[in-house]
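# Results of the structural survey
Chain residues, written in single-letter form:
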Amino acid sequence: MGNSLFANCCRQVTDLLFQPRSSGSPDERSPLLPKSPKSPPSCAALPEMPEAACCAGQYPDIIPSEAVTGSLQKGAEYIQDLSETKDEEGMVTVFDKSGLRAGAAGLLQRTEASRAVPVLPADLGDSLVGLGDHAQSLEACQSPVKPEDSGLAHRSCRREEHVAAADGTAGPGARSAGQGHGQGRVAMCLDTALVPLDSVLKCRAPAPSPGSPGTPSFALPSSAGLALPAPSAVVLPVPPGEVSPKAQDTSTGFVTEPTACPSRRSSCDPDSQAQVLPSKQQQQKKKRKKKKLPFPEHPSGVALMNGSGPHDSLKGEKDAKQNGHEEAEPGEDGNDQEVIVIQDTGFTVKICAPGIEPFSLQVSPQEMVQEIHQVLMDREDTCHRTCFSLQLDGNVLDNFAELKTIEGLQEGSLLKVVEEPYTVREARIHVRHIRDLLKSLDPSDAFNGVDCNSLSFLSVFTEGDLGDSGKRKKKGTEMEQIDCTPPEHILPGSKERPLCALQPQNRDWKPLQCLKVLTMSGWNPPPGNRKMHGDLMYLYVITVEDRHVSITASTRGFYLNQSTAYNFNPKPANPSFLSHSLVELLNQISPTFKKNFSALQKKRVQRHPFERIATPFQVYSWTAPQAEHAMDCVRAEDAYTSRLGYEEHIPGQTRDWNEELQTTRELPRKNLPERLLRERAIFKVHSDFTAAATRGAMAVIDGNVMAINPSEETKMQMFIWNNIFFSLGFDVRDHYKDFGGDVAAYVAPTNDLNGVRTYNAVDVEGLYTLGTVVVDYRGYRVTAQSIIPGILEREQEQSVIYGSIDFGKTVVSHPKYLELLEKTSRPLKIQKHKVLNDKNEEVELCSSVECKGIIGNDGRHYILDLLRTFPPDLNFLPVEGEEMPEECKKMGFPKQHRHKLCCLRQELVDAFVEHRYLLFMKLAALQLMQQKANKQESSAALENGASAENGAADGERPESEDGKLEDGVTGLDQVKELAETMASDDGAVDPKSREVIRNACKAVGSISDTSFDIRFNPDIFSPGVHFPESSKEEVQDQKQLLKDAAAFLLSCQIPGLVKDCLDHTVLPMDGATLAEAMHQRGINMRYLGKVINFISKTPGRAQLDHIFKIGISELITRSAKHIFKTYLQGVELSGLSAAISHFLNCFLSSFPNPIAHLPADELVSKKKNKKRKNRNLGNADNTAWASMTPQELWKNICSEAKNYFDFSLECENADQAAEMYNLQKITLLREISLKTGVQILLKEYNFDNRHKPTFTEEDILNIFPVVKHVNPKASDAFHFFQSGQAKVQQGFLKEGCELINEALNLFNNVYGAMHVEICACLRLLARLNYIMGDYSEALSNQQKAVLMSERVLGIEHPNTIQEYMHLALYCFANSQLSTALNLLYRARYLMLLVFGEDHPEMALLDNNIGLVLHGVMEYDLSLRFLENALAISSKYHGSKSLKVALSHHLVARVYESKAEFRSALQHEKEGYTIYKNQLGEHHEKTKESSEYLKYLTQQAVALQRTMNEIYKNGSNANIMPLKFTAPSMASVLEQLNIINGILFIPLSQKDLENLKAEVQRRQQLQESMKSGEQLEAEDKAVEEKEAEPSMPSAAIPLTQSSA
């Protein structure tokens, strides 16, 4: 599919994303709440229009290409009829997308612009209709099907993010699909049958959807033909309560919508009569909801990826039950996901624009006119127009009207583009747009980290877009043309690590120069008399031909005037060429401009849209090439009008951040469309707020903002800028005196941010948190918060009505706050408790004492200061008279930390509670069984019963260390039932069983004695907090619980992490991925030293080399960062680059005594210096930094490592460290730069030169902020994603694929086109496409995943490296061999830079490279890589592992191709031995290997005969032709699939029959369960499932490690 089509499809996206960005200052970008109704803006008022008010939302709909229209057409009439009969049926089928689009504004009518904005239909509340409508409006014509044509294919390129275990809690579940960040690896090995799936899965088996612990969601039994209806059928889950006038298929609990298949209504809807849900079924449904399925939720046929079936499912269940919250909130639609199918249609209109041929455009009825504007502003031939209206039959179309509301607009209508007169605003927008078009290929914004631009280099390695592979396919098959030799530095064993290759020069970056200068003229603004002639502003241009011209922008367009730089003469020049567009004018006066501008636009539209869409949060690059600084009027104007100095108090420009953040939270969320709208608004406001807060924090530190208390000393100052409140991370007024002073004040903001994150995630209605962003910049920590209305007018004492402002001396409480916080206490595991205030009165709280409640002037209940949301970490909080558990003491805890605010992570609290839940279940089950056994012994029936029971009980015991339960399921079910009946307070429970539960509760520390409920009191051990006598016992229990949790971290979590690293289920490659792996297990970074120590004492120490190395370098760079922070505080702005380069020299250079270059004396005037002292935030002398030496720095690093991480580093300088721990200096440089925000020049650094320092001050280009913020989540999309993963793991690829596609649509809808979670979605989709044999689609999706990963995570992030590897595989399958090699070489280079060679992932990479090289007959090269892979595999997997056997086999194959049979035999024998020992004689692998050995032996003998013959008979020997085979592409691909963990398992006919029978049996089982006999059916199901063998091979997921 041609590039232009491709880009066409995404054109809107780009512009919608670009336009608002580039408008005015980023702060005018889309105020969601326009304060006063504005008059209807003229046509192109797009860019500065408040986004939501424009209702365009930021995410337009992408228009399907002509190819789809046909299939959509038929649906159109049908829908037409339906919409007419809407009243009787109460069911609308053509829905308004705009309602969804309207951004928050649609719902905030009070602040709405005067145009009518379509609001969600009022009846949306309960009716599914709404859901249908909106779901569709969601993505009007987005296909969940595999889009065949380019139009559809790119529809999904709306905005896109990576769903790893997003908050750590999703651990195993999410990771199992190869999704975890740490291991974005191929764990997702699916095997699929190579048979048409629809025929196998006529009726689909039930899938436990992760969203609904315990309640199976049933899949729609569809006839095979219907597997994928029209190309736009979208499947959406519906919250259970919302089933209404749709067909409810009684047998399955699915809602089907007749619209989906007008032609065969009955096939869609087996039960078309059941238009309304029978009440009986409703009751049953309720019953079913209460009574959850028994323990193993995944039918046991489901081979779970991580091999921990029941354990994973328990986890799901625990979330639902464990603290007794069975009833899902109304907002969750986790339970019983229903599915509806929606259809949408599009049509074509003709567009007639001045000066070009009319062209046709595919549109959808849900779109707004505005979106056609966007398309035209991005099209190559109309992009230079911004100020125009669209007219139909002479009537101007309203920008915000939906196309379907416009009378007379239909298939084939002609829309005219009519030029409109300019206003000053329009003229500015026009100039800005032209400047953006001129700069569209220039990467400087990405290097400078502005406007959410970031880098992507994929196109350099794929020579453009992979989509147009047709042209290059032929090249791929003619081997001779491929140059396979990698650059020297990529070869195994190479020691050089060049930096320049990180950012290769992109050909497109040498931009075609169109103009030398385009800038605002100094004659602006026009004087009054010229204003009255229609002059709006003046521009000054220097063309490439060096012609200087002045241009007037007037209401009628642009023309040349007669002014010069020094003379003002506004009269039109002769000839004046009045043109409506600036581009047309410049085309006439400069031939070069004409030529280059059109070439530039051609290139621009050919780029992949993902290379140009803005990312949601700014990504900074730590290296950049030397760039020339060019004149740029818009950049200059931005700097002076809105950003610096002028406090951004220009009325009408600042946004009321607090109002926007809170209003978006208040949006309704009863059903899917409302939730999507709400989540999108929340996400959008958050990303805007983060951008504004970051800019403000930098302005504060750079001294460009006036303090609100200027008379106080610098540390104490606070700032307000752009309606955001900024404070510095210093201990103001001794607030944290008892907690560690400045150190505590420095960590408090991040703790607070974690609290905000958690409360936001719980999302209780009526409870509000502040927008919070923490920015580290130039050594200072700045907290940016939105402002509570009214807080600045009153004293804090008056406004706090809940909590304490002095750490527990005066404490107040408030019933409303208790009620709101009570709702959060379950999910956050916070215990309600009483504390004493200074008058010894008891006060009840449901949070820590520092958490303050303030009611703002807007009447909202805010909570702030959430720094102690989680319980304290006793390992770092020694308390007198408290004895710690043995495990802690053994590891040297409790240890004094530098502050007293150490908290446990939320992930740890969750893991601990889950661990306790398992323990609780086991204890209770054991006791019940003993009781049962006793009963049975007393009766005569002793034989079978008791033995089975005890067997189960015994089977459980050995498992208990592992935290996994395989046996004893029936016992657990009883416990579950018991717990439920007790919770519902039936008198039905016999006292003995009650006792069992009570004992179990007591043993695990539950706060209730009738059900499992563990909570923490965050105020325990808090200095200054006193508890009343009455709760003495409770406090004791809480103290014990905290000690247990601290011990649990050391005895379970750290060993668990190390074990996962040993199993290679966690594969960190750099510091960030290691930190993430630790955080997912709830281990704080301050335990890093302990983790490293634990690794060094582990028996398989060599297999953990890579983790040890990453740990050490993380430890060194974090210690260096702590020192760097205080070092920078003493540096004033003029000395910044000198100071940073000096620090890096001391840190990394081998040069023994680097000398700092102080700023030249003549610049530091004596007078100024005295004044500047005060402005400087540090108290050190401004030049103290210059005296640092490498010895001193490294001594400090070692002592910091000892004090903070409790680890003894044994090195005195960089060289010793590198040698001792085998570190790379370039890796250390990358880590320290990323952590501190330093950007350095892209060039080769010589670290080992002992004669001159490595860095000069010219090498330091910039210092960026390091920003921490809340990441709002797309919950519905995430549920879909998880359900899709679950389906895929059971082998239902097609259904999985549909669910993942749907998740992708929803993610796009909430996040826009760029996001980490979308990246994960695309990666999984590509994987599924590949497995299902659709290689080109796999390639297209994976290409997007790579681009997105580069843009959102960074060009050398470990995830990006993974994505490159997957893409290479799909390229190879598409026979683009040279591209595949380029990509693999790039991945290897990045890995060498980020870590080095000695990493288990490198073995996989080298196997891939070796195989591809083998395929192109580069045998010697291939061997270098394969033998390196063999060495690494042997080291990390042990020489006896199957991976190593496979490696031996690969090497043997290459030797065979080289006809070196002796070496081949030797390697294959090694492999054979491993297979024989590991798998036994009769395993097929062992047999294959022995066959291959025989074959090699024959070849070797034949070769030897021939040689002997030659020796004997000389030249006239008759030589037997030997078989030297070049490997076929198919065989290479097969091996590639195996090493990448993808297995295709062919199914025999018999297997198919079994599979069908199995599926049907399950279906019946489900139905029997739904009818009355629930209990028996459940037990029976469990037993049958326990007994039956696992499902036939269509659904046997194989993990990579077992490949």
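Note that this is a predicted model, so its numbers are computed, not measured.

## Quick notes on a nonpolar patch on the surface
A surface patch of nonpolar side chains, amounting to about 310 Å² of accessible area, comprises Met1507, Ile1510 and Tyr1511. Judged by relative accessible area, Ile1510 falls into the partly exposed class, the value being 35%.

## Considerations on the sheet that holds strand 10 (residues 414-419)
Strand order in this open sheet of 5 strands is 7-6-10-8-9, and the pairing throughout is mixed. Looking at which strands have only one partner, the edges of the open sheet turn out to be strand 7 (359-363) and strand 9 (395-396). Inspection of the sheet shows strand 6 (residues 347-352) paired to strand 10 by 3 bridges, in the parallel sense. Note that in strand 10 the partner of Lys350 across the bridge is Leu414.

## So, the pattern of salt bridges
Taken as a whole and judged by the stated rule, the model has 67 salt bridges. In this structure, Lys1059 engages Asp1063 in a salt bridge whose closest nitrogen and oxygen atoms are separated by 3.2 Å. Placement of both Lys1059 and Asp1063 in helix 34 (residues 1032-1063) is noted, with a separation of 4 residues, approximately one turn of the helix. Overall, the relative accessible area of 36% leaves Asp1063 in the partly exposed class. A salt bridge links Arg1388 to Asp1406; the nearest nitrogen and oxygen atoms lie 2.6 Å apart. Of this pair, Arg1388 sits in helix 48 (residues 1377-1394) while Asp1406 sits in helix 49 (residues 1400-1415), and the two are 18 residues apart along the sequence. Within this structure, Asp1070, Glu1114, Arg1118, Arg1230, Glu1231, Lys1235 and Glu1356 form a network of salt bridges that share partners.

## A short note on the environment of Arg994
Here Arg994 shows up in helix 33 (residues 991-1004). Residue Arg994 is classed as partly exposed on the basis of its relative accessible area, which comes to 23%. On a C-alpha basis, the gap between Arg994 and Ser1011 in space is 10.0 Å, while along the polypeptide they are 17 residues apart.

## So, the sheet that holds strand 12 (residues 535-543)
Taking strand neighbours across the sheet as the criterion, the 4 strands line up as 11-12-13-14 in an open arrangement whose pairing is antiparallel. The open sheet terminates on both sides in strands that have one partner only, identified here as strand 11 (515-520) and strand 14 (557-561). Here the average twist between neighbouring strands, direction ignored, is 30 degrees. Bridge count for strand 13 (residues 548-554) against strand 14 is 5 bridges, and the pairing is antiparallel. Each bridged residue has a counterpart across the sheet, and for Ser550 the counterpart in strand 14 is Asn561. Most of the contacts of helix 15 (residues 424-438) go to strand 12, to which it runs at about 20 degrees, and overall it touches strand 11, strand 12, strand 13 and strand 14. The sheet strands contacting helix 20 (residues 582-589) are strand 11, strand 12, strand 13 and strand 14, and the helix crosses strand 14 at an angle near 35 degrees.

Rules behind the numbers
Residues numbered from 1 in each chain as written. Predicted model: local features only at pLDDT ≥ 70, side-chain atom pairs only at ≥ 80, totals over all residues. Heavy atoms only, no water. Patch = residues over 30% accessible without salt bridge, like charges linked within 9 Å, V, L, I, M, F, W, Y side chains within 5 Å. Areas by Shrake-Rupley, 256 points an atom, 1.4 Å probe, with all protein chains shown as cover. Salt bridge = Lys/Arg side-chain N within 4 Å of Asp/Glu carboxyl O. Buried < 20%, exposed > 50% of the residue type's maximum accessible area, 1.4 Å probe, protein only. Pairing = 2+ DSSP bridges. Helix = DSSP H or I, 4+ residues; strand = E, 2+ residues; numbered from the N terminus. Axes fitted to C-alpha atoms, helices over the stretch in contact; angles between N-to-C directions. Contact = heavy atoms within 4.5 Å.

Everything listed here is a matter of coordinates, which is why it stays silent on function.
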